[in-house]
Amino acid sequence: MAKPRSFKSLILGLLCFSLLVLLLGVFLLSYHQKKQFLTSHLVITSQDAATSLALSLSTAGLREDWVLAGSMMDAIFDSGAYAKMELRDLNGQVVFDRQAPKSLDGVPGWFTDWVELRPAAGVAEVVSGWSKLGVLRVQSNPVWAYRELWRSLLNQALWFLFAGLLTAAGFWILLQRVLLPLRELTAAAERISEQDFSHRIPATGIRELNTVSSAFNTMNEKICSVFSAQIQSIERLRHETLLDALTGLENREHFDQRLAAFLAETDSEAGLGMLVLIDISGLDHINRTEGREQGDHVLRGAAEILRDELQSLRRETLLGRREGPQFCLFLPGFSIEEAESWVDLTLGRLERLGSATSQDNPFSVHAGIVPTRPGMPLRQLLGAVDNALRSAQSQGRSNFAVQMPETASGAPEQGAERWRETLRTSLSDRQFVLYSQPMVAVAEDFDGFDQLSLRLRYQGEVLTAAEFVPMAERLGMTYDLDLMVLAEVLDSLKSPEGRAVCVGLSAGTLESPAFREDIQSLLARHRPVLSRLLIEIPEFVLRHAWPGVDALVQMRQTYGFRIVVGRFGSSGIPFGYLENWPLDLVKLDRSLLPGQQQPGQLFYLRHMIEIVHSRGLGVLVVGVEDEACRDTVTRLGVDGLAGYLISHPEPWSGNQAAE
């Protein structure tokens, strides 16, 4: 390998060539100044001659004696210093007109055409007393100026032409060598700004630049390793703080917090569904006869079965281990029939797990099912599902029971087909209305926005999303709802100025085959106002609908709207996706808000916010209902917050504009 050359030698060469370019600049400046000087001199000469000659004609009292005037002008014109003299009377008639022939011996014609030394003619009035006799125009002859300028520039031009060619060639060679690694550095820096740490800068033949490239690559690797270590650290904290050590499912405390957060979201469909409590009987027998390790193996196997069954639903669900052989599940948007069918199949798989473990094992699985609605007390639900489980256990082996708790009135009780007709009619008649809740800024560099939620006018009442969206999901109509909301919101944004708005897209929309084409067409028609648009996607869809999320990210790069990840930190998805997608904001799940958490949960929350900020993303908090929570999240460094403490949802002002 050839020995790298010193960067100092290249700098010296660059300086030498720069001096040549400087001389060329001096040459051009000299030419320009000399040309300006000669032109100014010609103008002054013309004006002085016109003024003095006009004065001579005026003092002579030549009112009508133009012959004598012509004689005086001939005497001056014959000196050869002037190219043209012209005298006109008051009627504009030419009285005297003399022009010298253009003779530029020794000066090329192209030079005179290019330089064009054509100064303005000197103009003066010929008067007698207070009477105007005529107008005199005199123009100097530029022949001597052309010759002077040509002779002075010819030698300089020949020399600097050679020097310029040499300078250009030298700079081209040097810049090719020097700018190549600099371009690599620029590309690598741009990729780092987009959270891509995979690019490496190759070595060059320049010793100093090799050092810079090596240092940059080392820095890149360290940043990548630091972020990976942060991700591993936060994942470890999540396991220690929020998850059960044996099964990897959510522990009892975190499950209860997440369920309470779902039930508290009265403006979302999250709280409507089914709560299921599953108990495995016979685990004590396995522990006594085959050892605790085998019993732990059964629990891990049961957890894996439940996790696999829930993932196949392609919905956001909750799954946690309560205590011993009990598992608790929350199935948002499920009807009683769907829950019974799903639980029956799942209990069958769990029972087969026990049969495979031991032939003589008295293994049975029971489940209790309770419907839920937003706003229901958590303690009441847990008591009801526990009673349902006991009822199932009293009926025999591997059974389930459903208990109906006392619920408040909500959505109309009607069949799926009736719901389909209701939603279709509401779409066509525009019976939906948007409500907004402000996301206020906490950080100085963050601008707030309005979070929009959809409600339905039905029989004189306004139903929240929790009361009709689950059925819309079941009927496959969320795509139509999302498209309608997005279209109306964009139509309401008349200009790129004003408060931004955030709308959500459901998992069904992101998984729809028509998603890319329809949404992109809608965005393209409203490109000027997209700087005010934020699109929210729930975190759990990254597991199932990543092609749709990837398409949305590509649209973000093209159209300039922002993407918000909702329910951040609750789905159990590793945070490594922050490395792969250029997102803008994350919205913390309500279950992570400061409250009655375990001692380490606040530390986990602070660490998670720091990692998100290190990726250049903003952190938002929803569900702030008291000043203590607001003060805590503010100290943790969030960028924006929303909740009933700030403002209750109100009809969005853009509804009238959309109509």
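Anyway, here's the lowdown on the structure attached to this text. This is a predicted model, so every value here is computed, not measured.

## With respect to the overall build of the protein chain
Stage number 1. Summing up its helical and strand segments, the protein chain has 21 helices and 19 strands in all.
Stage number 2. In the protein chain, which comprises 659 residues, the proportion classed as buried is 49%.
Stage number 3. Long-range pairs, those at least 24 residues apart, make up 72% of the contacts in the protein chain with a sequence separation of at least 6.
Stage number 4. Total accessible area on the protein chain is roughly 32100 Å²; 53% of this is exposed by carbon and sulfur atoms.

## Some thoughts on helix 10 (residues 378-393)
Stage number 1. Over its 16 residues, helix 10 runs 23 Å from end to end, which matches the ideal 22 Å to within 8%, given 1.5 Å per residue.
Stage number 2. Residues Leu381, Leu382, Ala384, Val385, Ala388, Leu389 and Ala392 constitute the buried set of helix 10. The buried side chains of helix 10 occupy one side of the element, clustering within an arc of 160 degrees when seen end-on.
Stage number 3. As for helix 10, its buried residues are in contact with helix 6 (252-264), strand 5 (273-281), strand 6 (318-323), strand 7 (326-332), strand 8 (364-372) and strand 9 (400-402).

## As for the pairing of strand 13 (residues 500-504)
Stage number 1. The buried fraction of strand 13 amounts to four of the five residues, a majority that puts the element mostly inside the structure.
Stage number 2. Two strands pair when backbone bridges link them, and strand 13 and strand 14 (residues 533-538) are joined in this way by four bridges, in the parallel orientation. Bridging from a neighbouring strand, Val501 pairs with Leu533 of strand 14.

## Things to note about a nonpolar patch on the surface
Stage number 1. Together, Trp159, Phe162 and Leu166 give the surface a local cluster of nonpolar side chains, amounting to about 350 Å² of exposed area.
Stage number 2. Within the fold, Trp159 resides in helix 4 (residues 143-193).

## Details of the pattern of salt bridges
Stage number 1. In this structure the tally under the stated criterion is 16 salt bridges.
Stage number 2. The salt bridge partner of Arg349 is Asp308, with a shortest N-O separation of 3.1 Å. A residue pair is termed long-range when its members are at least 10 positions apart, and Arg349 in helix 9 (residues 336-357) and Asp308 in helix 8 (residues 292-311) qualify at 41 residues.
Stage number 3. You can call Asp308 partly exposed: its relative accessible area is 38%.
Stage number 4. Between Arg567 and Asp589 there is a salt bridge, with the nearest N and O atoms lying 3.9 Å from each other. In this pair, Arg567 is assigned in strand 15 (residues 562-568) and Asp589 in the loop between strand 16 (585-588) and helix 19 (599-614), connecting sequence segments 22 residues apart.
Stage number 5. With relative accessibility at 14%, the residue Arg567 sits in the buried group.

## What about the sheet that holds strand 2 (residues 94-99)?
Stage number 1. Strand order in the open sheet formed by four strands is 2-1-4-3, and the pairing between neighbours is antiparallel. Edge positions in the open sheet fall to strand 2 and strand 3 (122-128), since each of these has one partner strand only. Each strand axis lies, on average, 15 degrees off the axis of its neighbour in the sheet, ignoring direction.
Stage number 2. When strand 3 meets strand 4 (residues 131-140), the two strands line up antiparallel, connected through seven bridges. Along strand 4, the bridge assignment pairs Ser128 with Ser131.

## Structural notes on unusual backbone geometry
Stage number 1. Even without being a glycine, Arg430 presents a positive backbone phi close to 55 degrees.
Stage number 2. Position of Arg430 relative to the elements: it lies in the loop between helix 11 (416-429) and strand 10 (432-441).

Reading the values: rules and limits
Each residue is numbered by its place in its chain's sequence as written, counting from 1. A pLDDT threshold of at least 70 governs which residues receive local features in this predicted model, and a stricter bar of 80 or more applies before side-chain atom pairs are shown or counted, although totals over entire chains, interfaces and linings include all residues. Hydrogen atoms and water are omitted, and side-chain values are computed over all heavy atoms in the structure. Only DSSP runs of H or I reaching four residues or more are called helices, and only runs of E reaching two or more are called strands; each is numbered from the N terminus. Only protein chains enter the area calculation, which uses a 1.4 Å probe; residues under 20% of their type maximum are buried, those over 50% are exposed, and those in between are partly exposed. The contact definition used throughout considers only heavy atoms, calling two residues in contact when any of these lie within 4.5 Å. For the accessible areas, the method is Shrake-Rupley and the probe is 1.4 Å, while residue cover comes only from the protein chains on display. Working rule for helices: expected span equals 1.5 Å times residues minus one. The reported arc concerns the directions from the helix axis to the C-beta atoms and nothing else. Strand pairing is assigned whenever DSSP detects at least two bridges linking the two strands. Any residue with relative accessible area above 30% and no salt bridge may belong to a patch, with like charges joined within 9 Å and the nonpolar Val, Leu, Ile, Met, Phe, Trp and Tyr side chains within 5 Å. Here a salt bridge means any side-chain nitrogen of Lys or Arg lying within 4 Å of a carboxyl oxygen belonging to Asp or Glu. Note on definitions: angles span 0 to 180 degrees between N-to-C directions of axes, and those axes are lines fitted to C-alpha atoms, for helices only across the stretch in contact.

Honestly, that's just the spatial picture; any functional story needs more than this.
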